[in-house]
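# Structural overview for review
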Amino acid sequence: MISNIFKLRTASTISNLLARNSTFYARSLSTFEKHRSVFDTLGIEKTNNKGVFDGEWKGSGDIVASYNPVNNEVIGEVITGTTNDLNVALDKVAEAQKIWREIPVPKRGHVLLTMRNALVEHLEPLGKLVALEMGKILPEGIGEVQEYIDILEYALGLSRMLQGSIIPSERPGHAMLETWNPLGTVGIISAFNFPVAVYGWNCAIALVTGNGTLWKPAPTTPLVSIAVTRIIEKALKQHDLPTSLCSLVTGDAQVGQALVADKRSHVVSFTGSTHVGRQVGKVVQERFGRSILELGGNNALIVTDECDLDLAARAVLFAAVGTAGQRCTTTRRLIVHESVYDPLIEKLKKAYQQVKVGDPLEEGVLCGPLHTKEAVHVYTNTLNKLKEEGGEIIVGGRVLDHGSLKSGNFVEPTMTRVRPDMKIVQNESFVPILHTMTYKTLEEAIYFNNNVAQGLSSSIFTNNPSTIFKWIGPSGSDCGIINVNIPTNGAEIGGAFGGEKETGGGRESGSDSWKQYCRRGTCTINYSGALPLAQGINFG
Ligand code: UN1
């Protein structure tokens with residue numbers, strides 16, 4: 001096996017504390033050769049077959065292929081990490097974090113700025129690699145690298161602003177204050193659909209608060225995770241920091257499970273299905289670790305009769321078809337006032353028919369392939385179930401298996417007509433299928449929005465202020481993200497990202513999410529020389 005694969009150099013200098021349990025190989029395959037400049041720019045060079053690696057870029061697990069969803073050809077192969085590798089890596093992160101936590105917070109900010117600049121330099125090639133390996137269109141691939149850049153800028157700002165409170169003490173000669181210190185190591189388990197940004201949110205905030213990170217990416221996007229790690233590794237080296245501060249262990253579910261169960265991972269930030277997240281939450285709770293769960297969404301967009309229908313139609317198109325329906329914030333349910341249903345659907349039908357499906361690196365393509373063949377089965381199964389329940393396909397509905405689309409995972413973006421009480425609308429299918437339905441009153445529309453198990457994102461299109469305030473108030477949307485006149489997806493990094501109910505309750509990214517990566521100390525300092533007790537207790 002080894003003899004017919006080219007080995008690629010993955011790290012340039014040895015650091016004592018380096019722990020990167022992944023090694024990248026690439027066969028001389030057409031996809032790799034075609035995009036050779038991308039790999040070269042990202043610093044992944046072809047060397048020879050001698051099996052010598054710089055640094056400790058290594059992996060003792062299986063050799064796993066990464067596939068191009070456009071044609072299901074192997075792009076490259078990665079030697080994955082194992083639970084043993086994880087074991088070593090977790091110790092290395094802990095060692096590095098001891099150094100990092102002592103660095104003054106604004107100085108940590110300087111390191112984040114170097115990381116940000118390194119990513120800016122690699123924005124385009126990294127975005128291309130995302131498009132190649134994940135399958136999203138190039139502007140969206142670049143967009144998610146930008147999201148990592150944005151959160152690093154946010155974290156840089158935080159590095160001058162992480163503040164605790166000073167609380168009035170009820171006792172004379174006493175001061176009360178809060179401190180926010182790092183928890184230690186943040187284990188980050190990310191999903192295939194945002195192979196850069198979701199890691200980025202966690203990495204930036206974990207670092208500014210003084211933590212180290214251990215990243216376990218999705219098994220199907222290892223190349224992106226290696227490229228990202230190489231970029232930030234350079235930035236750490238520039239500051240003479242141990243690069244194991246941001247460690248990477250690729251691998252399968254076993255590695256993920258071991259990370260979740262390990263006490264050395266003080267925080268587990270997990271993005272994935274509700275089914276797996278439920279287990280993750282239990283295991284982390286059992287050991288009193290902290291989990292940040294970002295699980296399934298089943299997001300609705302309400303179009304009222306008091307809004308700009310053209311604007312709404314454009315928003316729905318991005319919300320439902322963008323990323324080929326593979327965002328956790330994708331709109332899955334369109335709830336339309338009965339008086340504007342027909343004109344809105346007419347506009348959408350026209351727009352859907354014009355969407356170009358194809359190679360995500362090709363200009364003008366708006367919808368790339370699904371990430372895997374399994375996702376194509378989810379698409380067909382969902383449509384079969386829809387028909388069994390009496391739902392109707394109003395546009396799309398076919399797997400595209402002709403011409404250049406034949407060997408890829410291409411499907412038509414699809415709109416259906418359903419009744420709100422159908423079972424099909426209760427489940428999230430991670431494919432571009434939008435279920436449409438009508439409502440009569442605002443209360444009914446909000447009820448439909450809330451009447452699912454998940455609670456990630458939601459949006460309403462209206463120009464009526466009283467509708468807006470009802471929507472964001474206590475009887476409004478019960479989701480974590482509550483938008484008005486914008487799509488359900490495409491959140492900015494400045495807000496807290498996450499959702500309620502079966503979405504897991506975690507919050508990542510902006511606002512005060514940083515607090516979840518910290519232990520809060522309530523400090524009461526007595527400088528009075530006497531010992532007055534709280535609540536006026538006299539103890540002898
Ligand atoms: C995800 O799909 O897991 O709001 C994250 C959005 C992006 C992040 C999505 N900023 O659509």
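Read on for an overview of the structure. (Residues numbered from 1 in each chain as written. Predicted model: local features only at pLDDT ≥ 70, side-chain atom pairs only at ≥ 80, totals over all residues. Heavy atoms only, no water.)

### Side note on helix H11 (residues 309–321)
Taking 1.5 Å per residue as the helical rise, H11 with its 13 residues ought to reach 18 Å, and the 18 Å between its terminal C-alpha atoms agrees with that figure. Of the positions making up H11, those classed as buried are Leu-309, Ala-312, Ala-313, Ala-315, Val-316, Leu-317, Ala-319, Ala-320 and Val-321. Tucked into the core, H11 has its buried residues touching strand E14 (299–303), strand E15 (331–337), helix H12 (341–354), strand E18 (433–439) and strand E20 (457–461). Positive backbone phi, approximately 55°, marks Thr-323, located one or two places after H11. (Helix = DSSP H or I, 4+ residues; strand = E, 2+ residues; numbered from the N terminus. Expected span 1.5 Å × (residues − 1). Buried < 20%, exposed > 50% of the residue type's maximum accessible area, 1.4 Å probe, protein only. Contact = heavy atoms within 4.5 Å.)

### Thoughts on the sheet that holds strand E8 (residues 174–182)
In space, the 3 strands of this open sheet follow the order E7-E8-E25, with antiparallel pairing throughout. Where the open sheet ends on each side, the last strands, each with one partner, are strand E7 (166–167) and strand E25 (518–526). Relative to E8, E7 runs antiparallel, the two being bridged by 2 bridges. Considered in E8, the bridge of Ile-166 is made with Leu-177. (Pairing = 2+ DSSP bridges.)

### Remarks on the site of the ligand
Around the ligand sit Glu-147, Asn-193, Phe-194, Trp-201, Glu-294, Arg-327, Cys-328, Thr-329, Asn-489, Gly-490, Ala-491 and Phe-497, and that is every residue in its neighbourhood. The contact in question runs from an oxygen atom of the ligand to an N or O atom on the side chain of Arg-327, over 2.8 Å. In isolation the ligand has 320 Å² of accessible area, and contact with the protein removes 99% of it. Residue composition of the shell around the ligand, by class: 5 nonpolar, 4 polar and 3 charged. (Near = heavy atom within 4 Å. Polar contact = N/O pair within 3.5 Å; in protein donor to acceptor, adjacent residues only side chain to side chain. Areas by Shrake-Rupley, 256 points an atom, 1.4 Å probe, with all protein chains shown as cover. Nonpolar A, V, L, I, M, F, W, Y, C, P; charged D, E, K, R; others polar.)

### Structural notes on the packing of aromatic side chains
Tallied over the entire structure, the rule returns 6 aromatic pairs. An angle of 80° between the planes, with centres 6.0 Å apart, marks the rings of Phe-192 and Phe-430 as edge-to-face. Of this pair, Phe-192 sits in the loop between strand E9 (185–189) and helix H7 (197–208) while Phe-430 sits in the loop between strand E17 (414–417) and E18; the two residues are 238 residues apart in sequence, bridging distant segments of the chain. Ring plane angle 50° and centroid distance 4.7 Å describe the contact between Trp-201 and Phe-497, whose orientation is recorded as tilted. Pair noted here: Trp-201 is in helix H7 and Phe-497 is in strand E22 (residues 496–497), with a separation of 296 residues, a long-range link. In this pair, the class of Trp-201 matches that of Phe-497, namely buried. Among the aromatic side chains, those forming a connected cluster through ring pairs are Tyr-148, Tyr-199 and Trp-215. The ring of Phe-194 carries Lys-136 above its face, with NZ or CZ at 3.5 Å from the centroid. Directly above the aromatic system of Tyr-341 lies the positively charged group of Arg-417, at a separation of 4.3 Å from the ring centroid. (Phe/Tyr/Trp six-rings, centres within 6.5 Å; stacked < 30°, edge-to-face > 60°. Lys NZ or Arg CZ within 6 Å of the ring centre and 35° of its normal.)

### Considering the sheet that holds E14
By way of backbone hydrogen bonds, the strands of a sheet pair with one another, either parallel or antiparallel. Strands sit in the order E16-E17-E18-E15-E14-E20-E21 across an open sheet of 7 strands; the sheet is mixed. Each edge of the sheet is formed by a strand with only one pairing partner; in this case those strands are strand E16 (392–395) and strand E21 (481–484). Sheet twist, expressed as the mean angle between neighbouring strand axes with direction ignored, is 25°. Summarising the sheet, E16 and E17 pair through 3 bridges and their orientation is antiparallel. The residue of E17 that forms the bridge with Val-395 is Met-415. (Axes fitted to C-alpha atoms, helices over the stretch in contact; angles between N-to-C directions.)

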